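# Tertiary structure, described
Okay, here's what each chain looks like letter by letter:
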Amino acid sequence: MPLFKTIDVNSQTTVKIWKITESFNVLKREVSLKPENETRVLGMKSEIHQCGFLSVRCLLKEFGYKDFDLFYDVNGKPHLKDGKHISISHSFIFSAVIISNEPVGIDIEKQRDKIAVIKHKFLDYECDYLNENDTDYIKQLTVLWCIKESLYKLYAMPGLSFKNHCLVIPFSSNEDVTTAWIDYNDLKTKFAVRYLEFEGFTCSYALKSI
C-alpha cells in the first residue's frame, strides 16, 4: 500500500498523498464502501478513475476514517461526519487528501503542455509576472492552476471564478509558499498556500491566513 508522502502542515492539519501502483482489484480489497459508492465505482468507465476513487478511500483509512464517514453537500464539497474539514484530489497515478480543524483545499495535477492553451481561462493579474520563455513556464502555470483550484475547493461558493475572483501573489521558483486572495461578493479573504512538485506532478494546498 504505497502511501507516498505525509506532510504535517501544522498541529491541526495533515496532508497525505498516495501513489497508485495497484490494480483496481487490489485497491478494492483494501476498503469497505457504502452501497451507493459500490455502485458508483463499478459504473466508472475508466480504471484510472476507479483507482483514483479507491485510493482516496485508502487515504481516508490512513487517517483513521472510513468511506462511511465521508459525505458531500449540495455544492459537491466533501465533509467528515466528525466535523473536521477535508479536501480531496486525484490526477492519474496520484491522489491527495488534506484534513484539518480549519477550512482547507487541495489540488494535484500532472504537468502538461496543454495547460498553456487554457491559461486565458484562469489567469489575469498573474500574466503580468509570468514569462513564457522561462524553462519552468509549464510548471509555473500548473502551480497557479493548482493554487486556484485549491482555493476554489476551500471556498466552495457557486459562481466563483478562477480568473476573476482568485489572485495569487508573485513568488519565485525557489519558494514553495505564497499568499493568495479571493475577492468575491465584496468580500476579500486572504489565504496561505503551499505547493510541492514530484515525478512530473504538482500539488498545492490552501489554508485561511491568520
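Quick caveat, the model's predicted, so the values are computed rather than measured.

Read from one edge of the open sheet, 5 strands run β7-β11-β10-β9-β8, paired in antiparallel fashion. With partners counted over all chains shown, the strands left at the sheet margins are β7 (104-110) and β8 (166-168), one partner each. For this sheet, the mean angle separating the axes of adjacent strands, direction not counted, is 25 degrees. Taken together, the 3 bridges between β8 and strand β9 (residues 177-184) define a ladder with antiparallel strand orientation. Looking at β9, one finds that Cys-166 is bridged to Ile-182. Strand contacts of helix α5 (residues 137-155): β7, β8, β9, β10 (187-198) and β11 (201-208), with the helix running at about 145 degrees to β7, the strand carrying the most contacts.

Two elements in contact, helix α2 (residues 35-42) and helix α3 (residues 47-63), have axes separated by 9 Å at closest approach and are oriented at 150 degrees. It follows that α2 is roughly antiparallel to α3 by the angle criterion. In contact with Asn-37, Arg-40, Val-41 and Leu-42 of α2, α3 contributes Gln-50, Phe-53, Leu-54 and Arg-57. A class-by-class count of the residues in the contact of α2 with α3 yields 4 nonpolar, 2 polar and 2 charged.

It is worth spelling out the environment of Gly-105 at this point. Among the structural elements, Gly-105 can be located in strand β7. Sequence separation between Gly-105 and Ser-172 is 67 residues, and the spatial gap between their C-alpha atoms is 22 Å. Each residue touching Gly-105, except ones within four places of it in the same chain, is listed here: Ser-87, Ile-98, Ser-150, Lys-153, Leu-154, Ser-204, Tyr-205 and Ala-206.

Counting buried positions along strand β6 (residues 94-100) yields 7 of 7 residues, so the element is predominantly enclosed. The side-chain alternation of β6 yields two buried faces, one formed by Phe-94, Ala-96, Ile-98 and Ser-100 and the other by Ser-95, Val-97 and Ile-99. For strand β2 (residues 13-19) and β6, the ladder comprises 7 bridges, and the chain directions are antiparallel. Residue Trp-18 lies in a different strand from β6, and its bridge partner there is Ser-95. Joining the antiparallel neighbours strand β5 (residues 85-91) and β6 is a turn of 2 residues, in which Phe-92 adopts a positive phi near 55 degrees.

What follows deals with the pattern of salt bridges. Here the structure, examined in full by the defined rule, presents 8 salt bridges. With its nearest N and O atoms 2.5 Å apart, the salt bridge here joins Lys-119 to Glu-132. Of this pair, Lys-119 sits in helix α4 (residues 119-122) while Glu-132 sits in the loop between α4 and α5, and the two are 13 residues apart along the sequence.

This part is about α5. Here α5 contains 19 residues, and its C-alpha end-to-end distance of 27 Å stays within 8% of the 27 Å for a straight helix at 1.5 Å per residue. Of all 19 residues in α5, 14 are buried, a share of seventy percent or more.

Turning our eyes to something else, we now look at the environment of Cys-146. By secondary structure assignment, the location of Cys-146 is in helix α5. In this structure, the C-alpha to C-alpha distance between Cys-146 and Ile-106, residues 40 residues apart in sequence, is 7.8 Å. In contact with Cys-146, not counting residues within four places along its chain, are Asp-107, Ile-108, Glu-109, Thr-202 and Ser-204.

What follows deals with the nonpolar core. If you look at the biggest cluster of nonpolar residues, it comprises 24 residues, and the most contacted ones within it are Leu-144, Ile-147, Leu-151, Phe-171 and Ile-182. Residue assignment for this core shows that the elements contributing at least two residues are α5, β8, β9 and β10. Looking at this core, the element that brings in the most residues is α5, giving 8 residues. Ignoring sequence-local partners within four residues, the contact set of Leu-144 consists of Phe-122, Leu-123, Glu-126, Tyr-129, Leu-130, Val-168 and Phe-171.

In this section: unusual backbone geometry. The residue Asn-185 is not glycine, and still its phi comes out positive at about 55 degrees. Counting through the fold element by element, Asn-185 comes out in the loop between β9 and β10.

What follows deals with the pairing of strand β1 (residues 3-10). Of the pairings in the sheet, the one linking β1 to β2 comprises 6 bridges and is antiparallel in character. Paired with Asn-10 across the strands is Thr-13, a residue of β2.

Each value, and the rule that gives it
- Residues numbered from 1 in each chain as written.
- Predicted model: local features only at pLDDT ≥ 70, side-chain atom pairs only at ≥ 80, totals over all residues.
- Heavy atoms only, no water.
- Pairing = 2+ DSSP bridges.
- Helix = DSSP H or I, 4+ residues; strand = E, 2+ residues; numbered from the N terminus.
- Axes fitted to C-alpha atoms, helices over the stretch in contact; angles between N-to-C directions.
- Contact = heavy atoms within 4.5 Å.
- Parallel < 35°, antiparallel > 145°, perpendicular 65-115°, else oblique.
- Nonpolar A, V, L, I, M, F, W, Y, C, P; charged D, E, K, R; others polar.
- Buried < 20%, exposed > 50% of the residue type's maximum accessible area, 1.4 Å probe, protein only.
- Salt bridge = Lys/Arg side-chain N within 4 Å of Asp/Glu carboxyl O.
- Expected span 1.5 Å × (residues − 1).
- Core = buried A, V, L, I, M, F, W, Y, C linked by side-chain atoms within 4.5 Å.

Honestly, it's all geometry; don't read function into it.
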